[in-house]
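Geometric and topological summary
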Amino acid sequence: MWGIIIALISGALMSIQGVFNTGVTKGSSLWAANCWVQLTAFFVCLIAWFITGKQNVTGMFQIEHKYMLLGGVIGAFITLTVIKSMGILGPAQAVLLIVISQIIVAYLIEVFGLFGVEKAGFEWTKVVGAVVAIVGIFIFER
């Protein structure tokens, strides 16, 4: 149950953040807003790290697949693409497309066992679910 609640909060926060970040670009620029977002996130994480007992940081550099350390780089481009898509499409349409993309890519990661994720079997019902979601975008837009 907690996983569902946390996921719902995450989705809500992503939508709110996207609107906020898009608003910040109106007073600055796309990359300046992105820098601000990443910088403030860094400070929040740093404070949380100090409050929670400063667990080992160097352990993350011991991971086998060094490409896993690129999450922050990907995060910068996530922020960039959310800002651009919300500015062009509006929050509702942008989030619909973002979520559909997340579902499809996440399912492909599971099916092919990419990035160390445990491989899951292919299920037509999940493909049908993704297609229904895509059709839902067209219905939402009409």
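Described below are features of the structure shown in this document.

1. Looking at unusual backbone geometry
For Phe115, which is not a glycine, the phi torsion comes out positive at approximately 60 degrees. Assignment of secondary structure puts Phe115 in the loop between α4 (91-112) and α5 (124-141). Looking at Phe115, the relative accessible area reads 48%, which means it is partly exposed.

2. A short note on the side chain of Thr25
You can see Thr25 is positioned in helix α1 (residues 2-27). Not counting chain neighbours up to four residues away, the residues in contact with Thr25 comprise Leu30, Ala33 and Ile83.

3. With respect to the packing of aromatic side chains
The geometry of an aromatic ring pair comes down to the distance between the two centres and the angle between the two planes. If you walk through the whole model with that rule in mind, you get 6 aromatic pairs. Between Trp31 and Phe77, the ring centres sit 6.0 Å apart and the planes meet at 85 degrees, which makes this aromatic pair edge-to-face. Taken together, the residues span a long stretch of sequence, with Trp31 in helix α2 (residues 30-51) and Phe77 in helix α3 (residues 71-89) at a distance of 46 residues. Classification of Phe77 as partly exposed rests on a relative accessible area of 45%. Put simply, the rings of Tyr107, Phe122 and Trp124 touch in pairs and so form one group of aromatic residues.

Parameters and conventions
- Residues numbered from 1 in each chain as written.
- Predicted model: local features only at pLDDT ≥ 70, side-chain atom pairs only at ≥ 80, totals over all residues.
- Heavy atoms only, no water.
- Helix = DSSP H or I, 4+ residues; strand = E, 2+ residues; numbered from the N terminus.
- Buried < 20%, exposed > 50% of the residue type's maximum accessible area, 1.4 Å probe, protein only.
- Contact = heavy atoms within 4.5 Å.
- Phe/Tyr/Trp six-rings, centres within 6.5 Å; stacked < 30°, edge-to-face > 60°.

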